[in-house]
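# Geometric and topological summary
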Amino acid sequence: MSAHPNGYIKPELMACCGAREIKNHHVVIVGTGFPAMSANIAKHTHAPDAILMQESGVVDARPKRPALSVGDPCLNPGAAMVGNLLDIMGMFLQAGWVDVGFLSGSQVDKFGNINTTAIGDYEHPKTRLPGSGGANPIGSLAKKTLIIALHDKRRLAERVDFITTPGYIDGNGARERWGLPANTGPECIITNKAILRFDKTTGEACLESYHPGHSIDEIRENTPWDLKILENVHETEPPTERELEVIRKILDPHRMISIYEKRGYV
Amino acid sequence: MTKVMTTKEAISQFVNDNDFLFIGGYVCRPPFAAIHEIIRQGKKNLTITRSNAADDFDMLIGAGLVRRFIGTFLSLGVYGLGRCFRRSIEKGIPHKIEVEEYTNLSLPMMLMAGSFGMPFVPVRDMVGTDLMNIKSFMGENKFKLIDSPFDGKPTLLVPALNPDVAIIHVQQADKFGNAQMWGIGGDCKVGANAAKKVIVSCERIVDRDVIGKDPSRTIVPSFKVVAVVEEPFGAHPGYTPGFYDTDFGFGYQYQQASNTVEGFHAFLKEWVYDIPDRKAYTQHYIQKFGYGPFKKLEAAFDYSFPVSYAY
């Protein structure tokens, strides 16, 4: 358990950070784990009219157990729509209807580029990862992409080994030059230590807030690029009583989110 | 004309070495009975495709039957990275497969283009990333980046795909091949319709009149279908909405087994090579784990309101 004042654990804080990025009426593509938790916290607090969808074809699911994949059986009964991959990725995402997408990556760089393809050389990888799946189109086409990552010098990188999913690519307008739609791209990286928000002009992730218990110096030491500090840098607001109540009583009574502590989200 | 046959007959007649296969089942309804039969019959040098591949593709790769993979993603879901996929790429065990990498937008769009008879299709993803810098067996035909003839903006074109054979698993079909599915669709409809031939595996064969009571659910009409196979429990360890749940426990066993080459081959021997068909597979499952765990996977009944097409 945690040493934090009101007893929250780090994954709960991170899920709340994600939830706060979602506005009412947003259309959100979620996966499993953090993204689903964040989006549902938002729905139960400040964004009751947000619409969640899974790339497999599901809109506004009402699962009776936590979904373990984006195609989980529990997403079918109760949904507003169950269609197919192209309904979501084509008709909604590519056509510009998706406000928020959530992604995580084995490697994320300062421009928000994400690697889920291979660690090391592509032809002779140290670790072959799953590949893009829906990540590249979500990062290319969602208006705001929220990135979840562990904050250390292995997961964060000056430059990822392989750009599977575009962030701001090389920065400074590169997305537009490649023909990606205007006003899309990563919004922030939510780590276990901080929130790094992207400067839309330079495309660089900068320190916006540090989670309670972490210092700016510690965060800079664990960031592999020269991390810029935003002027209004501040401590991240801990989970509110209401947010914790939603997580623990409604969304996750079995505390499945605590598995993220074992994965290093502490 | 009835197209009903066994999975063994369907795979033997309609799947050849060197074929390009679309295998349906984006998490939902993987045609596992047919996949096991392909492994038993040792069909070689296959090219396989689907968005979000999983344990079924991992198994075909580990069995050494895959030469090429037109893919977007391959993992074991909650159980992490595909062990056979990793061994193939990282260590060349049993051999290194060739991978052409797309995404869950571009790949289903390519299948859609194939199903619509279009030569290629513009997509708005992939640009600016290393997915453009790596080209495998499709070479320069993986994509073309052009200036749009309409507004001059950079536009990515990807080619249509037309697999030789599509293999899908659905809830029900009639003996002619009219195939009906409900629940999460993935890229099943475009993949099946892009293919030159379709093998339909289903939970139950129903009368043509049953199809006609709710014809909006049909995703492939009979004239595209070459074989219909009734395979109850045919998607296990995957799920079929309204029939049975995902078997997460079995998924874990596959992960544990496929951690090593020896474990993987022992798994294949137990669940594929020593098993003649899906009926025997189901019997083996019940003998090994008990009737309780088998029954526990069975879906509850929660019928929708009937629909009426009357006029």
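Below you will find a few notes about this structure. Here the structure is a predicted model, which means the values were calculated and not measured.

The next point concerns the environment of His265(B). Residue and element names in this part refer to chain B. Mapped onto the fold, histidine 265 is located in helix H9 (residues 261–273). For histidine 265, a relative accessible area of 41% puts it in the partly exposed group. Each C-alpha atom of the pair histidine 265 and methionine 59 lies 9.9 Å from the other, and the pair is 206 residues apart in sequence.

A separate point is the interface of chain B and chain A. Where interface size is given, it is often the accessible area lost as the parts come together that is meant. Every contact between the two is made by 48 residues of chain B and, on the other side, 49 residues of chain A. Interface of chain B and chain A: buried area, both sides summed, is about 3,800 Å²; carbon and sulfur atoms make up 63% of it. The largest share of the area that chain B buries against chain A comes from Leu105(B), Arg124(B) and Ile184(B), three residues that together contribute 16% of it. Taking the shortest distance from any N to any O, the salt bridge between Glu101(B) and Arg128(A) comes out at 2.6 Å. For the pair chain B and chain A, the interface holds 20 residue pairs in polar contact (both at pLDDT 80 or more). Contributing elements (two or more residues each) for the side of chain B that touches chain A: helix H4 (83–91), strand E4 (98–101) and helix H5 (106–116) of chain B. The element best represented in the side of chain B that touches chain A is H4(B), accounting for 4 residues. When its residues are assigned to classes, the side of chain B that touches chain A shows 27 nonpolar, 12 polar and 9 charged.

Residue and element names in this part refer to chain B. Between H4 and helix H8 (residues 248–258), the shortest axis-to-axis distance is 9 Å and the interhelical angle comes to 30°. Relative to H8, the element H4 lies roughly parallel. Listed contacts from H8 to Arg83, Cys84 and Arg87 of H4 are Tyr254, Gln255 and Ser258.

All names here are of chain A. Summarising the sheet, strand E1 (residues 27–29) and strand E2 (residues 51–54) pair through 3 bridges and their orientation is parallel. The residue bridging valine 28 from the neighbouring strand is leucine 52, located in E2. This β-α-β element, E1 to helix H2 (residues 34–44) to E2, shows right-handed connectivity.

Glancing now at the packing of H2(A) against helix H7 (residues 241–251) of chain A. Residue and element names in this part refer to chain A. It is at 10 Å that the axes of H2 and H7 come closest, and there the two elements cross at 110°. Judged on the interaxial angle alone, H7 and H2 are roughly perpendicular. In this structure, H2 crosses over H7, and the sense of that crossing is right-handed. Residue-level contacts link Met37, Asn40, Ile41 and His44 of H2 to Arg242, Glu243, Val246, Ile247, Ile250 and Leu251 of H7. When the residues that make up the contact of H2 with H7 are grouped by side-chain class, the tally is 6 nonpolar, 2 polar and 2 charged.

With that settled, consider the sheet that holds strand E6 (residues 144–147) of chain B. Through backbone hydrogen bonds, the strands of a sheet pair up, either in parallel or in antiparallel fashion. Residues and elements named next belong to chain B. Sheet architecture is open: 3 strands sit in the order E5-E7-E6, paired in antiparallel fashion. Each edge of the open sheet carries a strand with a single partner, namely strand E5 (120–123) and E6. For this sheet, the mean inter-axis angle between neighbouring strands, taken without regard to orientation, is 40°. The sheet contact formed by E5 and strand E7 (residues 154–159) spans 4 bridges and is antiparallel. Each residue of the ladder has a partner; that of valine 123, found in E7, is leucine 156.

Time to look at the environment of Gly78(A). Residue and element names in this part refer to chain A. Here glycine 78 is to be found in the loop between strand E3 (58–59) and strand E4 (81–82). We classify glycine 78 as exposed; its relative accessible area is 54%. In this structure the C-alpha to C-alpha distance between glycine 78 and glutamate 12, which are 66 residues apart in sequence, comes to 26 Å. Not counting the four nearest positions on each side in its chain, glycine 78 is found in contact with Asp60 and Arg62.

The description of an aromatic ring pair uses the distance of the two centres, along with the angle that the planes make with each other. All names here are of chain B. For the coordinates displayed, the defined rule picks out 25 aromatic pairs over all chains. On the numbers, 5.2 Å between centres and 70° between planes, the contact of phenylalanine 233 with tyrosine 244 is edge-to-face. Highlighted residues: phenylalanine 233 in the loop between strand E12 (225–230) and H8 and tyrosine 244 in the loop between E12 and H8, separated in sequence by 11 residues. With respect to class, phenylalanine 233 is no different from tyrosine 244; both count as buried. Seen from their ring centres, tyrosine 285 and phenylalanine 289 are 4.8 Å apart, and the 55° between their planes marks the pair as tilted. With tyrosine 285 and phenylalanine 289 both in helix H10 (residues 278–289), this residue pair falls 4 residues apart, about one helical turn. For tyrosine 285, a relative accessible area of 4% puts it in the buried group. Through a chain of ring-to-ring contacts, three or more aromatic side chains come together here, namely Phe233, Tyr244, Phe250, Tyr254, Phe264, Phe267, Trp271, Tyr281, Tyr285, Phe289, Tyr291 and Phe294.

Applying the stated criterion to the full structure yields 0 disulfides over all chains. Distance from the sulfur of Cys202(B), which forms no disulfide, to the nearest cysteine sulfur (Cys188(B)) is 13 Å.

On to the pairing of strand E1 (residues 20–23) of chain B. Residue and element names in this part refer to chain B. Every second residue of E1 is oriented toward a common face, with Phe20 and Phe22 on one face and Leu21 and Ile23 on the other, all of them buried. Strand direction decides the pairing type here: E1 and strand E2 (residues 46–49), joined by 3 bridges, are parallel. Residue leucine 21 lies in a different strand from E2, and its bridge partner there is isoleucine 48. On the question of chirality, the crossover connecting E1 to the parallel E2 by way of helix H2 (residues 32–41) is right-handed. Relative to strand E8 (residues 165–173), E1 runs parallel, the two being bridged by 3 bridges.

A few words on the pattern of salt bridges. Residues and elements named next belong to chain A. On inspection of all chains with the given rule, the structure shows 30 salt bridges over all chains. Across the pair lysine 200 and glutamate 187 runs a salt bridge whose closest N-O atoms are separated by 3.1 Å. Residue lysine 200 is located in the loop between strand E13 (194–198) and strand E14 (205–210), and its partner glutamate 187 is located in strand E12 (residues 186–191); the two are separated by 13 residues in the primary sequence. Take glutamate 187: its relative accessible area is 12%, and that puts it in the buried class.

Before going further, it helps to examine the sheet that holds strand E6 (residues 107–109) of chain A. Pairing in this open sheet of 3 strands is mixed, and the strands run E7-E6-E11 (chain A) from one edge to the other. The open sheet has two edge strands, strand E7 (114–115) and strand E11 (156–157) of chain A, and neither has a second partner.

What counts, and at which threshold
Residues numbered from 1 in each chain as written. Chains lettered and ligands numbered in written order. Predicted model: local features only at pLDDT ≥ 70, side-chain atom pairs only at ≥ 80, totals over all residues. Heavy atoms only, no water. Helix = DSSP H or I, 4+ residues; strand = E, 2+ residues; numbered from the N terminus. Buried < 20%, exposed > 50% of the residue type's maximum accessible area, 1.4 Å probe, protein only. Contact = heavy atoms within 4.5 Å. Buried area = accessible area lost by both parts, 1.4 Å probe. Salt bridge = Lys/Arg side-chain N within 4 Å of Asp/Glu carboxyl O. Polar contact = N/O pair within 3.5 Å; in protein donor to acceptor, adjacent residues only side chain to side chain. Nonpolar A, V, L, I, M, F, W, Y, C, P; charged D, E, K, R; others polar. Axes fitted to C-alpha atoms, helices over the stretch in contact; angles between N-to-C directions. Parallel < 35°, antiparallel > 145°, perpendicular 65-115°, else oblique. Pairing = 2+ DSSP bridges. Right-handed = clockwise from strand over helix to strand, strands pointing away. Left-handed = near helix turned anticlockwise from the far one by under 90°. Phe/Tyr/Trp six-rings, centres within 6.5 Å; stacked < 30°, edge-to-face > 60°. Disulfide = S-S within 2.5 Å.

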